[in-house]
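Read off the chains here:
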There are 2 protein chains.
Amino acid sequence: MKVVDTIPRMSTLVKIFKKEGKSIGLVPTMGYLHEGHLSLVRAASKHTDVVVMSIFVNPIQFGPKEDFEKYPRDLKRDEELATSAGADIIFSPSVNNMYPAGYSTYVNVETLTSGLCGASRPGHFKGVTTVVAKLFEIVRPDISYFGQKDAQQAIVIKKMAEDLNMGIEIKIMPTIREKDGLAMSSRNIYLSEDERKDALVLHGSLMKAEEMIKSGERESRKIIRAIEGMIKSVPSARLDYASIVDTVNLKEAKVLSGEMLIALAVFIGKTRLIDNTIVKGLK
Amino acid sequence: MKVVDTIPRMSTLVKIFKKEGKSIGLVPTMGYLHEGHLSLVRAASKHTDVVVMSIFVNPIQFGPKEDFEKYPRDLKRDEELATSAGADIIFSPSVNNMYPAGYSTYVNVETLTSGLCGASRPGHFKGVTTVVAKLFEIVRPDISYFGQKDAQQAIVIKKMAEDLNMGIEIKIMPTIREKDGLAMSSRNIYLSEDERKDALVLHGSLMKAEEMIKSGERESRKIIRAIEGMIKSVPSARLDYASIVDTVNLKEAKVLSGEMLIALAVFIGKTRLIDNTIVKGLK
């Protein structure tokens, strides 16, 4: 495994791989790896000849009051985990290398980014699509892998790749959970022991929603009210949003039908966590 | 010479060229070709193995009151001219192929686009950078060619390619002029016989500015006043803007020094024309 920390070195390697006819898989991450990230690397190493994992805590996707500074970082630990999962290259450029003085180009997906996390985190997705566009240009992957946990991000990036004719296949892999159901996230490290227990309310309320749907409920408002009720019952939890939207256009649905994304963001203490589930074949 | 009118067919050809190790030169145009465009094709055919000329009148770079509908088009004539200049492929996709229903991704260079033509044509450069980003993704050129006549466009596209790590060399080629000095433009076709004569005031006022600078003038205000005076003396002419800016950051300079771009846009009757000159080595 090789660690590459500048764009020119990464570009040189990519040129060599392309000349050799090797396919490239890219797993973009912000590091502090968990099983979710590693499952993407394992998938990539099944499908492609060379697996590149990027590790870059991207400042432009954080709001001014968000956790860019304190976001957990541990490159050494990440290197070991990524290697054991099958990554061939870790690409970890510096912030100055990615955004030199005078940087001014941004990629924005305009329609899918106004709701859900886009409403709570203005400018977040513009930061995400810009950094991913840059990583796509540098690494030129055949396939890139993203986790279903960040459902809106996955849909937005798919749309960007398609709209800009990038010719890159975007694969969305299932959310990986702890044994008790908590979706894996680098931000789980922020949680105190009590908060860690309280955080189960995210997955819990999604399971409650699924149950209601199984029992025939199709009214969005009622399902969301049940989710809100469960979140309210946990003292350290504060709901940011809970929405039921179409998986293609991310528009809110009053009545569930077809394929729906149920997504929520909840503050547990000061930590903002997200989770979601997709329900299919609704009539 | 081959005419390719869909994105998938173009992508397939590009894959073949890349496998064969051929370098690709791209000349993006809106068609209705003149010597300016053809000079770019000739340059491309000197430097690269395969020369692709795109012909696409890009709706999203036109304002609602601009000339998208009436912009001159003549693909048959263009094919002959492009072939004779050395183009191997004309890529002329449809608007629906480039912007299918639900299209929503835009590339924007934020700092260089607020002044000059960006101020008179809000959204214009966002349309330009978006379509060029798409063409770059589809054609994956090694080198792409643009004319100095659209000075701000050239600088903005260079910035985009650099910021997004596209790995594409942007070559800016000199403005090609008619014998009497008028910069070649597809829009010159709009001019009546009288307007055609009046349009000489663009190049004329730039030459006047150059003369003043040669004579030692370094005060921006005085040079611009002289340009304004010349434009005012032509009845069919109305100045849109005349600016003297730094060629790197496009910021207005009060006092000329180093390398300066003198750019202007002038309405001749209803036709908006642009022209510019670069003066170097100013002390």
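Check the entry above for the structure.
Note that residues are indexed from 1 along each chain, following the sequence as it is written. Key to labels: chains lettered from A, ligands numbered from 1, both in the order written. At least 70 in pLDDT is required for a residue's local features to be given in this predicted model, at least 80 for side-chain atom pairs to be given and counted, and no such filter applies to totals for whole chains, interfaces and linings, which use all residues. Hydrogen atoms and water are omitted, and side-chain values are computed over all heavy atoms in the structure.

S.K.: Explanation requested: helix H1 (residues 7-19) of chain B in the structure shown.
M.R.: Residues and elements named next belong to chain B. Each helix is a run of H or I in the DSSP string that is no shorter than four residues. Each strand is a run of E no shorter than two, and both are numbered from the N terminus. The span you would expect from a helix comes to 1.5 Å times its residue count less one. Under the 1.5 Å per step criterion, the end-to-end length of H1 is 18 Å for 13 residues, consistent within 8% with the ideal 18 Å. Burial classes: relative accessible area under 20% of the type maximum marks a residue as buried, over 50% as exposed, and values in between as partly exposed (1.4 Å probe, protein chains only). Those residues of H1 that fall on the buried side of the exposure criterion are Ile7, Met10, Leu13, Val14 and Phe17. Within H1, the buried residues cover an arc of 125° as seen down the axis, which keeps them to one side. The outward face of H1, more than 90 degrees from its buried face, is lined by the exposed residues Pro8, Lys15 and Lys19. Residues are treated as being in contact if the distance between any of their heavy atoms lies within 4.5 Å. Summarising the contacts, the buried residues of H1 are in contact with strand E1 (2-4), strand E2 (24-29), strand E3 (50-55), strand E4 (89-91), helix H4 (95-98) and helix H6 (124-139). Between a side-chain oxygen at the N-terminus of H1 and the backbone nitrogen of arginine 9 the separation is 3.3 Å; the capping residue is threonine 6. Positive phi shows up at glycine 21, right after H1, with a value of about 75°. Starting at the helix axis, one direction is taken to each C-beta atom, and the arc is that of these directions. Distance and chemistry together define a polar contact, namely a pair of N or O atoms within 3.5 Å, with one atom able to donate a hydrogen and the other to accept it when in protein, and with adjacent residues in sequence counting only for side-chain atoms on both sides.

S.K.: Would you mind going over the interface of chain B and chain A with me for this structure?
M.R.: By a widespread convention, an interface's size corresponds to the accessible area lost as its parts come together. The partner chain A presents 22 residues to the 22 residues of chain B that form the contact. By definition, the buried area sums, over both parts, the 1.4 Å-probe accessible area that each loses when the two are put together. Note on chain B versus chain A: buried area summed over both sides is about 2,100 Å², and carbon and sulfur give 44% of it. Every case where a carboxyl oxygen of Asp or Glu lies within 4 Å of a side-chain nitrogen of Lys or Arg is listed as a salt bridge. For glutamate 110 of chain A, the salt bridge identified is with lysine 126 of chain B, shortest N-O distance 2.6 Å. The interface formed by chain B and chain A holds 18 residue pairs in polar contact (both at pLDDT 80 or more) in total. Looking at the side of chain B that touches chain A, the elements that each hand over two or more residues are strand E5 (105-109), H6 and helix H7 (151-163) of chain B. Top element by residues in the side of chain B that touches chain A is E5 of chain B. It accounts for five residues. Three residue categories are used. Nonpolar comprises Ala, Val, Leu, Ile, Met, Phe, Trp, Tyr, Cys and Pro, charged comprises Asp, Glu, Lys and Arg, and polar comprises the others, including Gly. Class assignment of the residues belonging to the side of chain B that touches chain A gives a composition of nine nonpolar, six polar and seven charged. In this analysis, strands are considered paired if DSSP registers two or more bridges between them. Here strand E5 (residues 105-109) of chain A pairs with E5 of chain B via five bridges, running antiparallel. Bridge pairing links threonine 105 of chain A to valine 109 of chain B in E5 of chain B.

S.K.: I'm lost on the pattern of salt bridges in this one. Help?
M.R.: Pairing is possible between side chains that carry opposite charge, provided their charged atoms lie close to one another. Residues and elements named next belong to chain A. Under the criterion given, the structure shown has 31 salt bridges over all chains. A salt bridge links glutamate 219 to lysine 222; its shortest N-O distance comes to 3.5 Å. By relative accessible area, glutamate 219 is classed as partly exposed at 28%. A residue is classified by how much of its surface remains accessible, and lysine 222, at 39% relative accessible area, is partly exposed.

S.K.: Even after reading the chapter, I still don't get the nonpolar core, so can you show me in this structure?
M.R.: Working definition of a nonpolar core: buried Ala, Val, Leu, Ile, Met, Phe, Trp, Tyr and Cys residues. They are joined through side-chain atoms within 4.5 Å. Judged by nonpolar contacts, the single largest core of 98 residues is most densely connected at Phe136 of chain A together with Phe136 of chain B. Not counting residues up to four positions away in its chain, the partners in contact with phenylalanine 136 of chain A are Leu26, Pro141, Ser144, Phe146, Ile157, Met160, Met166, Ile168 and Ile170 of chain A. By size, the runner-up hydrophobic cluster in this structure holds 28 residues, among which are Leu182, Leu202, Ala226 and Ala253 of chain B.

S.K.: For this particular structure, what's the right way to read the sheet that holds strand E2 (residues 24-29) of chain A?
M.R.: All names here are of chain A. Read from one edge to the other, the open sheet built from six strands follows the order E1-E4-E3-E2-E6-E7, with strand pairing classed as parallel. Edge positions in the open sheet fall to strand E1 (2-4) and strand E7 (169-173), since each of these has one partner strand only. Strand-to-strand twist in this sheet, taken as the mean axis angle between neighbours without regard to direction, amounts to 25°. Pairing of E2 with strand E3 (residues 50-55), which is carried by six bridges, proceeds in the parallel orientation. Within E3, the residue paired with leucine 26 across the bridge is valine 52. Only C-alpha atoms enter the line fits that serve as axes; for helices the fit covers just the stretch in contact. Angles between N-to-C directions range over 0 to 180 degrees. Running at roughly 130° to E1, helix H1 (residues 7-19) makes contact with E1, E2, E3 and strand E4 (89-91) of the sheet. Relative to E7, helix H7 (residues 151-163) is tilted by about 170°, and along the sheet it contacts strand E6 (143-147) and E7.

S.K.: Just to check I follow, could you spell out the sheet that holds E2 of chain B for this structure?
M.R.: Whenever strands of a sheet pair, they do so through backbone hydrogen bonds, lying parallel or antiparallel. Residue and element names in this part refer to chain B. The sheet built from six strands is open, its strands ordered E1-E4-E3-E2-E6-E7 with parallel pairing. At either end of the open sheet lies a strand with only one pairing partner, and these are E1 and strand E7 (169-173). In this sheet, adjacent strand axes meet at a mean angle of 25° when their direction is disregarded. As judged from the two bridges shared by E2 and strand E6 (residues 143-147), these two strands associate in the parallel manner. Counterpart to glycine 25 in the pairing with E6 is isoleucine 143. Across the sheet, H1 lies against E1, E2, E3 and E4, angled at about 130° from E1, the strand it touches most. Taken strand by strand, H7 contacts E6 and E7, and its axis lies near 170° from that of E7.

The values reported here are purely geometric and, on their own, carry no functional implication.
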